[in-house]
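# Structural features, examined
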Amino acid sequence: METIGGDLRQMQRTPLSASHVQALREAGKIATYPAGTFLARPGEPVDRFVYVEEGEIEVVNPYTDKRHLPSTLGPTQFMGEIAFLNGGAWSMPMRAVRETRVIEVPREAMLKLMSQIPEMSDIIITVFSARRRRQLDDRDGVLRLIGEDEDRNVRRIAEFASRNRIPYSSFSLRSPEAEATALSCSIALGEPAVIFGRSVVVTDPTPDKVARLLGLHLDFRNDETFDVLIVGGGPAGVAARVYAGAEGLCALVVEDIAIGGQAGTSSRIENYMGFPTGISGADLVWRGEVQAMKFGTHFAMPRRVKLLEKLSDQTFCATFDNGQRVRARAVVVATGVQYRRPPLDRLADFEGAGIYYAATEMEARYCKGTEAVIVGGGNSAGQAAMFLSRSASCVRVLVRGASLAASMSSYLSRRLAADPRITIEYGAEVSALHGAEHLQALTIHDVKTGATRLVDTRALFIMVGAAPNTEWLSGLVKLDDKGFVITGSGEGSASSPFATSLPGIFAVGDVRAGSVKRVASSVGEGSVVISKVWEYVNRKA
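Conventions used here
Residues numbered from 1 in each chain as written. Predicted model: local features only at pLDDT ≥ 70, side-chain atom pairs only at ≥ 80, totals over all residues. Heavy atoms only, no water. Buried < 20%, exposed > 50% of the residue type's maximum accessible area, 1.4 Å probe, protein only. Helix = DSSP H or I, 4+ residues; strand = E, 2+ residues; numbered from the N terminus. Pairing = 2+ DSSP bridges. Contact = heavy atoms within 4.5 Å. Axes fitted to C-alpha atoms, helices over the stretch in contact; angles between N-to-C directions. Phe/Tyr/Trp six-rings, centres within 6.5 Å; stacked < 30°, edge-to-face > 60°. Lys NZ or Arg CZ within 6 Å of the ring centre and 35° of its normal.

Another aspect to go through is the pairing of strand E16 (residues 371-375). When you tally the buried positions in E16, you get five out of five residues, the bulk of the element. Burial along E16 is two-sided: the face carrying Glu371, Val373 and Val375 and the face carrying Ala372 and Ile374 are both buried. Strand direction decides the pairing type here: E16 and strand E17 (residues 394-399), joined by five bridges, are parallel. The partner of Glu371 across the bridge, within E17, is Cys394. Strand direction decides the pairing type here: E16 and strand E22 (residues 459-462), joined by four bridges, are parallel. Bridging from a neighbouring strand, Val373 pairs with Leu460 of E22.

The subject of this paragraph is the sheet that holds E16. With respect to topology, five strands assemble into an open sheet ordered E15-E22-E16-E17-E18, the strand pairing being parallel. Edge positions in the sheet fall to strand E15 (355-356) and strand E18 (422-426), since each has one partner strand and no second. Of the strands in this sheet, E16, E17, E18 and E22 touch helix H11 (residues 379-388), which is tilted by about 175° from E16.

For residues other than glycine, phi is negative in most cases, and the peptide bonds are mostly trans. Put simply, Met301 and Pro302 share a cis peptide bond, and its omega is 0°. Looking at the element boundaries, Pro302 is found in the loop between strand E10 (298-300) and strand E11 (305-310). In this model, Arg139 sits at a positive phi of 50°, which is unusual for a non-glycine residue. Tracing the sequence through the fold places Arg139 in the loop between helix H3 (118-137) and strand E5 (143-146). Judged by relative accessible area, which is 37%, Arg139 ranks as partly exposed. For Arg346, which is not glycine, the phi torsion reads 70° and is therefore positive. Positionally, Arg346 belongs in the loop between strand E14 (337-338) and helix H9 (347-350). Given the relative accessible area of 36%, Arg346 is considered partly exposed.

The next thing to look at is the packing of aromatic side chains. A full pass over the atoms with the stated rule returns eight aromatic pairs. Ring geometry for Phe78 and Phe128: centres 6.0 Å apart, planes at 75°, overall edge-to-face. Within this pair, whereas Phe78 is found in the loop between strand E3 (48-59) and strand E4 (94-106), its partner Phe128 is found in helix H3, the two being separated by 50 residues in sequence. Each ring, one from Phe84 and one from Phe128, has its centre 6.1 Å from the other, and the planes form 65°; the classification is edge-to-face. With Phe84 in the loop between E3 and E4 and Phe128 in helix H3, the pair connects residues that are 44 residues apart, well separated along the chain. Residue classification places Phe128 among the buried positions, given a relative accessible area of 0%. Taken together, the ring pairs connect Phe49, Phe78, Phe84 and Phe128 into an aromatic cluster. Over the ring of Phe38 we find Arg41; its NZ or CZ atom is 3.8 Å from the centre of that ring.

Here you go:
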């Protein structure tokens, strides 16, 4: 499959041209660092671009202070990582091996240069992406998790990091690596922990706390105003922010869990044009995220919009779950849908402890040595079955209906039927869950005969139903009887099929009533809607 970047070890390094270096000199300044000086430490903002003219820079292990990688950066190479694009934080320490002279360009000035010199921008972004891929492949980052399998809070951090393409390492409670990490950080042995470098142990870990350490959060002035607020970071929202940035709109994207939305949990997308070998949903949306950051789009994550109001000056005010407020001249609703939670006793008790709503590499690890049961008959369920069959002892797919013909692409249903590791049961549903602290078994109910049977499993994947995320709209726009946003057909602005009943609010992707629930259509809608947003914002101006 396609991935987020090239293999750094196989890439032929393309140095910046002489004209590029001259542009750096004109925009930046010369700095000299004595041997042993740290140019960057984890958690510090990536606030400058650093080009090496003379000397040598090494990546440092944040837990031992020793050289971390065999290779170093020398003349004609540059420091940096993908977090540079959005003003995030350094993920690894960088230190001068010997006296080193560099050109330093402030981040804002460098982003302007990159927008003016696309050839230079291509080289830099390609290298940054390859560096992030190496970190993900090698599980190499400052963030370390101990006890992911045993502790639900640590698992939440693992899910947050994995879905947001944040490199981290994870050790079981009593592994030698966990003990070594605990000793270096002076914490108790054999206890779950979330650690950010040797000096920071995160107490009561939450995604928001980790996001702050990584520089992913945005602190706003109350009532700060943007041209457009895009609520939702799935394919539609990311596409909208790419085009908003390209059109010069000041855009803010708000996402409550992870960039990618529900599509980001898809292990493999094979019917998206341009990727003949397939691509995971997370990698596809990550590419769009990098594009959006290149155009200067801001994003707030993890943040949830709790309330949306229209003000007397015709702008909109959004209140976040942390009480902060921002204003926007227009709003794009791209919150998508979430899988419906079936009415099962103890469902909440087992969520994250045997019950999952995504099938990524992280969840696949929990399936080793057990049967995986998947509830659902759509493409997401089918791709999950194919993906999990590589790690689970076997996979059982439960479909309430009598056929997959109406809900799953034919190429995928044929593939499932041909795989001996996958069993499809029609007219079946889960009626009960069993276990202590972790799911241990479930009861399957035959909807025709009423018969039940017990199946031992430690992994149940729920991928059925589509509940729109529209409660936060506060009655501002018309919804259909299922909660999807009604657009077009004379609602709001007849000139746009994505305009809602209230001028200034647009809806795209799965959350829109009547939309085609496919990644490609969501990307298309998110791209197209921005032209109408631009017209509305500039008419208001």
